[in-house]
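As a plain string of letters, each chain reads:
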Amino acid sequence: MQTSTASNDMAATEAQGKKRKPRGDWIPTNYDLRDTWFPVSHSRDVTSRPIRRIIHAQPYFLWREGGQPMASEFHPTQLQSMMGAASALTGGSGLYPVVERYGYVWAWYGNPDNADQQLLPHIPFLPLDGDIPGYTQRTVRFDAASALSVENLLDLTHADFLHANTIGDGISESDVVEVEWTSETVTRTRIVTQKSVAPIMRWVGGVRAKYQDFRAVLHVHLRSNVCISYPRFRPGYDVPNLQPFLPVGKHRSRCDVTFNTTAAPSPFRYLMPRINYIIQPQDNSVVRPQNQRYFEQPEQRDLHSRFDAPGTRYRLLMEKLAKRQREGDFSYGSDADPGRDIAALLGMDG
Amino acid sequence: MSSSAWWASALSEAVNGERPLPVVYDGEELVLFRNTKGQALALEDRCPHRRVPLALGCVVGDAVQCGYHGWIFDGTTGACTAIPNLHADERVPPRYAARAYPVAEQNGFVHVWLGDGEPSDSLPAASYQPRGREFTGSAVVSLQHDEYLAVMLDGPECLIDFEGVKITDFFLGDPIRRENHLVLDRGAVWTTQLLPANFVVDYPLILRTSVPLVGGDIRVDLLTAEERLICSVFVASGANRRRTTSLCWRGFMHDHDVEGAPLRWRAMRAARRPPFTVSSEIDGAQIAALLVAPSRDLTVLRQQSRIPATAAV
Ligand code: FES
Ligand SMILES: [Fe+2]
């Protein structure tokens, strides 16, 4: 695993930008990465009555048979008659590989022969069997490609402007951001000391102190846009959450989130999972116009500051992975083990 | 002929020092605001950091601050003057900037220079000299800009209405070229008159439309048969996205008695009712039914005007 700490390397980023000129700018709307598990739905939404989800342009019909989750390219009533039209993504069977874990139904996107449960991400704060109260689960939609939504989540400095009234506030004593990565993941750790207590913690969380320390780890799986986030506030609570951005075409993404606030007091426990309903429209107001503009051939490429280090690292890694897949290599690198235990990485033990 | 790339792009009163105003003219997405001295400024409505419209941000002093990460751009030069949370000894690289445009304000319009090279001195709205009370507005209409200009010649009644006046489609001659405009007169009658318009021997009113060969400044005047101006309207137009057209306009009544005006019309004016309405909803069927007549000259001339001066030699 490689790491870097945010430092005054804006000049370095700039120089790098010049060197890369012929490659053109980042295009977040073009990623279609394969051979990965996508959490296509909360488990509780999959019943005997079929529902339809989409990954890129591919339909995923989900339902249960004898309690077992099923995922198909076709509505179950048409499965037999449509079988002949089945794509390579189901190996001609019409049925996708599917697993149920952490309160989600995970379906494979890619060559079904490569589907391997070992490749499911490890999510230490969610019960394997998915036994978690319904209030922790919510669905939000973004009017942007999944990669742009992930970049927004990795991006720290926008909270102070876009979300100033809910989670942001610029003042703190020290603020250190570290980024580490493998060929399949990027992890951002932010350690902040003596920051003024976020409005939601103060008003709803009952945190009376003026300042709090916090450590927030965000672990992103590049292929699946599964974002595993572990913020710890002291004084305050842990708000571990899963935000998996399902790529629904080039212009939209869907996020079936889980905020495991079961250890936090009420009403914070119930309200925090709903905070996305406030934050998401704020994020949407920027990613929506952004998404369109990433389709336009720019005269001028994006500019960066050193605060964008996690995002620029993400862009770089996504480009590398996409390039590898374009060349026909869908394997996982030796440094990548998506299923490895990340409890320590998330700082859950500390 | 000196072709001008000045575009009247907003009403002066719509541009302020608090909320940035997004407009699109000649296909360019712009954000307009005022600095602390009250000067109007224009930047490209696109943050060079992550492409978010700057219009979503706010005006701070002489600059606009992007609403996403708070980068600050000077309104005059476009230079990025601050990135939040940088240490005191860190500098923003000098090439970090949003595109800035020359701006000039005159007669209630904010003009933006969208061409290359040095801006010329003459502004489109220079000819608009209002007196007394003005009637203003803005809209985006679902008609492509070139078509909008063509319809101003072929059938202005589809785009503008003068209260109590019926605009006929009897053109009084062919369009005449006056500098950068094509000017066309047509007959008009009071709606209160008993005789149908086609039985009128001589029209009591003239509608004069003046359509630009370059840029988007349209002028519509209502005159008496004696060529005395009754009402003048300046409509600034320009291409918006998806083949729509941005408009903003100002107009006023000339201050003299209109001989032969019906009582009802006089009463309306006394009651200070707006003498004209620029349509913000355009009737597609009405447009489709219009014959292409005087605008034939316009299409040819506008295309010729598009050839850059250097290439025309
Ligand atoms: S997009 Fe404008 S400051 Fe980041
Ligand atoms: Fe956000």
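Residues numbered from 1 in each chain as written. Chains lettered and ligands numbered in written order. Predicted model: local features only at pLDDT ≥ 70, side-chain atom pairs only at ≥ 80, totals over all residues. Heavy atoms only, no water.

**Quick notes on the overall build of chain A**
A tally of helices and strands in chain A yields eight helices and 14 strands. Relative to its full complement of 350 residues, chain A shows a buried share of 55%. The long-range share in chain A, meaning contacts at least 24 apart out of those at least 6 apart in sequence, stands at 64%. For chain A, the exposed surface amounts to about 14800 Å²; the carbon and sulfur share of it is 51%. Placing the 40 positive and 38 negative side-chain charges of chain A at their respective mean positions leaves the two points 4 Å apart. (Helix = DSSP H or I, 4+ residues; strand = E, 2+ residues; numbered from the N terminus. Buried < 20%, exposed > 50% of the residue type's maximum accessible area, 1.4 Å probe, protein only. Contact = heavy atoms within 4.5 Å. Areas by Shrake-Rupley, 256 points an atom, 1.4 Å probe, with all protein chains shown as cover. Lys, Arg positive; Asp, Glu negative; His and termini not counted. Charge placed at Lys NZ, Arg CZ, Asp CG, Glu CD.)

**Quick look at the domain arrangement of chain B**
Residues and elements named next belong to chain B. Domain annotation for chain B reports domain 1 (5–124) and domain 2 (129–309). For domain 1 and domain 2, the distance between their C-alpha centroids amounts to 32 Å. With 16 residues of domain 1 at the interface, the matching set in domain 2 holds 19 residues. Note on domain 1 versus domain 2: buried area summed over both sides is about 1300 Å², and carbon and sulfur give 63% of it. As a salt-bridge pair, Glu-29 and Arg-241 come within 3.8 Å of each other at their nearest N and O atoms. In this structure, the connection of domain 1 to domain 2 is made through six residue pairs in polar contact (both at pLDDT 80 or more). Looking at the side of domain 1 that touches domain 2, the elements that each hand over two or more residues are strand 1 (6–11) and strand 2 (21–25). Looking at which element gives the most residues to the side of domain 1 that touches domain 2, the answer is strand 1, with five residues. Partitioning the side of domain 1 that touches domain 2 into residue classes produces eight nonpolar, five polar and three charged. (Domains from an automatic or database assignment. Buried area = accessible area lost by both parts, 1.4 Å probe. Salt bridge = Lys/Arg side-chain N within 4 Å of Asp/Glu carboxyl O. Polar contact = N/O pair within 3.5 Å; in protein donor to acceptor, adjacent residues only side chain to side chain. Nonpolar A, V, L, I, M, F, W, Y, C, P; charged D, E, K, R; others polar.)

**With respect to unusual backbone geometry**
Backbone geometry follows two general trends: most residues other than glycine have a negative phi, and most peptide bonds adopt the trans configuration. That bond from Arg-234 of chain A to Pro-235 of chain A is cis: its omega, -5°, falls within 30 degrees of zero. Turning to its location among the elements, Pro-235 of chain A is positioned in the loop between strand 12 (226–234) and strand 13 (241–248). Following Ser-266 of chain A, the chain continues into Pro-267 of chain A via a peptide bond in cis, with omega recorded as 5°. We note that Tyr-102 of chain A has phi near 60°; this positive angle belongs to a residue other than glycine. Tracing the chain through its elements places Tyr-102 of chain A in the loop between strand 6 (98–101) and strand 7 (104–109). Accessibility expressed as a relative area gives 4% for Tyr-102 of chain A, which makes it buried. Residues other than glycine seldom take positive phi values, yet Asp-26 of chain B does so here, at roughly 50°. Turning to its location among the elements, Asp-26 of chain B is positioned in the loop between strand 2 and strand 3 (28–34).

**Quick look at the pairing of strand 2 of chain B**
All names here are of chain B. Bridging between strand 2 and strand 3 involves five bridges; their strand directions are antiparallel. Residue pairing in the sheet places Val-23 in a bridge with Leu-30 of strand 3. Turn length for the strand 2-strand 3 hairpin, with the two strands adjacent in sequence and antiparallel, is two residues, and the turn residue Asp-26 shows positive phi of about 50°. (Pairing = 2+ DSSP bridges.)

**Regarding the domain arrangement of chain A**
Residue and element names in this part refer to chain A. Domain boundaries in chain A define domain 1 (2–23 + 137–346) and domain 2 (32–120). Spacing between the C-alpha centres of domain 1 and domain 2 amounts to 27 Å. Residue-level contacts link 26 residues of domain 1 with 22 residues of domain 2. When the two sides are added together, the surface that domain 1 and domain 2 hide from each other amounts to roughly 1900 Å², 60% of it contributed by carbon and sulfur.

**Considering the pattern of salt bridges**
Tallying each qualifying case throughout the model produces 30 salt bridges over all chains. In this structure, the salt-bridge partner of Arg-50 of chain B is Glu-151 of chain A, at a minimum N-O distance of 3.7 Å. Here Glu-151 of chain A lies in helix 3 (residues 146–154) and Arg-50 of chain B lies in the loop between strand 4 (40–44) and strand 5 (58–60), a pairing that spans two chains. Assigned by exposure class, Arg-50 of chain B and Glu-151 of chain A land together as buried. With its nearest N and O atoms 3.0 Å apart, the salt bridge here joins Glu-13 of chain B to Arg-250 of chain B. Remark: Arg-250 of chain B occurs in strand 20 (residues 245–253) and Glu-13 of chain B occurs in the loop between strand 1 and strand 2; sequence separation between them is 237 residues. Looking at Glu-13 of chain B, the relative accessible area reads 47%, which means it is partly exposed. Put simply, Glu-151, Asp-302, Asp-308 and Arg-315 of chain A together with Arg-50 and Arg-51 of chain B are held in one network by salt bridges that share partners.

**Points about the coordination of the iron ion (ligand 2)**
All names here are of chain A. Each protein donor to the iron ion (ligand 2) is listed here as His-158 (NE2), His-163 (NE2), Asp-283 (OD) and Asp-283 (OD); together their distances run 2.1 to 2.5 Å. Between the four donor atoms coordinating the iron ion (ligand 2), the angles at the centre fall across 56 to 147°, so the site counts as irregular. Each donor residue of the iron ion (ligand 2) lies on one chain, and together they are spaced H-x4-H-x119-D. Given a relative accessible area of 4%, His-158 falls into the buried group. Overall, His-163 belongs to the buried group, its relative accessible area being 2%. (Donors = N, O, S within 2.8 Å, 3.2 Å for Na, K, Ca; no water. Tetrahedral: all angles 85-135°; square planar, octahedral: opposite > 155°, others 65-115°.)

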